[in-house]
Amino acid sequence: MSVVIVGGNECMTRRYKELCKEYNCQAKIYPKLTSGMKNVGSPDLLVLFTNTMSHKMLRSVLSATKGQDVRIARSHTSSIAALKTILENHVAENFCRA
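In this report, the structure presented in the accompanying data block is examined.

Reading the values: the criteria
- Residues numbered from 1 in each chain as written.
- Predicted model: local features only at pLDDT ≥ 70, side-chain atom pairs only at ≥ 80, totals over all residues.
- Heavy atoms only, no water.
- Phe/Tyr/Trp six-rings, centres within 6.5 Å; stacked < 30°, edge-to-face > 60°.
- Helix = DSSP H or I, 4+ residues; strand = E, 2+ residues; numbered from the N terminus.
- Buried < 20%, exposed > 50% of the residue type's maximum accessible area, 1.4 Å probe, protein only.
- Pairing = 2+ DSSP bridges.
- Axes fitted to C-alpha atoms, helices over the stretch in contact; angles between N-to-C directions.
- Contact = heavy atoms within 4.5 Å.

Some thoughts on the packing of aromatic side chains
And then number 1: Evaluation of the coordinates by the stated rule reveals one aromatic pair.
And then number 2: Between Y16 and F49 the ring centres are 5.5 Å apart and the planes differ by 35°, which places this aromatic pair in the tilted class. Here Y16 is found in helix α1 (residues 13–22), whereas its partner F49 is found in strand β3 (residues 45–49), with 33 residues between them in sequence. Both residues of the pair, Y16 and F49, count as buried.

What follows is the structure, given as structure tokens:
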């Protein structure tokens with residue numbers, strides 16, 4: 001399962017990746033607005049940490065994934081506990097479908 005995380009704390013990037021690895025997910029993390037965000041691809045899950053992202057960043061990511069079958073999870077907090085809850089909910093759903 002591929003996961004793209006947008007927003008969050010820059011210093012937590014390594015911990016986000018480690019947690020995603022525990023759930024057998026490949027993660028791309030964009031804590032800042034970069035030109036590479038237009039090449040997000042088509043992830044299975046898009047995680048948006050809305051408290052730590054600008055409106056421009058949000059619009060950029062949503063327009064890059066427009067028209068694709070991407071599940072979007074929004075969280076106001078960018079903590080490890082919030083990401084863990086999101087992954088538990090969405091990874092469990094993904095395994096139930098398979």
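Overview of the sheet that holds β3
Hydrogen bonds between backbone groups are what pair the strands of a sheet, and the pairing can be parallel or antiparallel.
And then number 1: Spatial strand order, β2-β1-β3-β4: four strands in an open sheet with parallel pairing. Edge positions in the sheet fall to β2 (26–30) and β4 (71–75), since each of these pairs with one other strand and no more. Between one strand and the next, the sheet's axes are offset by a mean angle of 20°, whatever the strand orientation.
And then number 2: Where β3 meets β4, five bridges bridge the pair, whose relative direction is parallel. By the bridge assignment, L45 is partnered in β4 with R71.
And then number 3: Across the sheet, α1 is in contact with β1 (2–7), β2 and β3; its angle to β2 comes to roughly 160°.
And then number 4: Running at roughly 170° to β3, helix α2 (residues 55–64) makes contact with β1, β2, β3 and β4 of the sheet.

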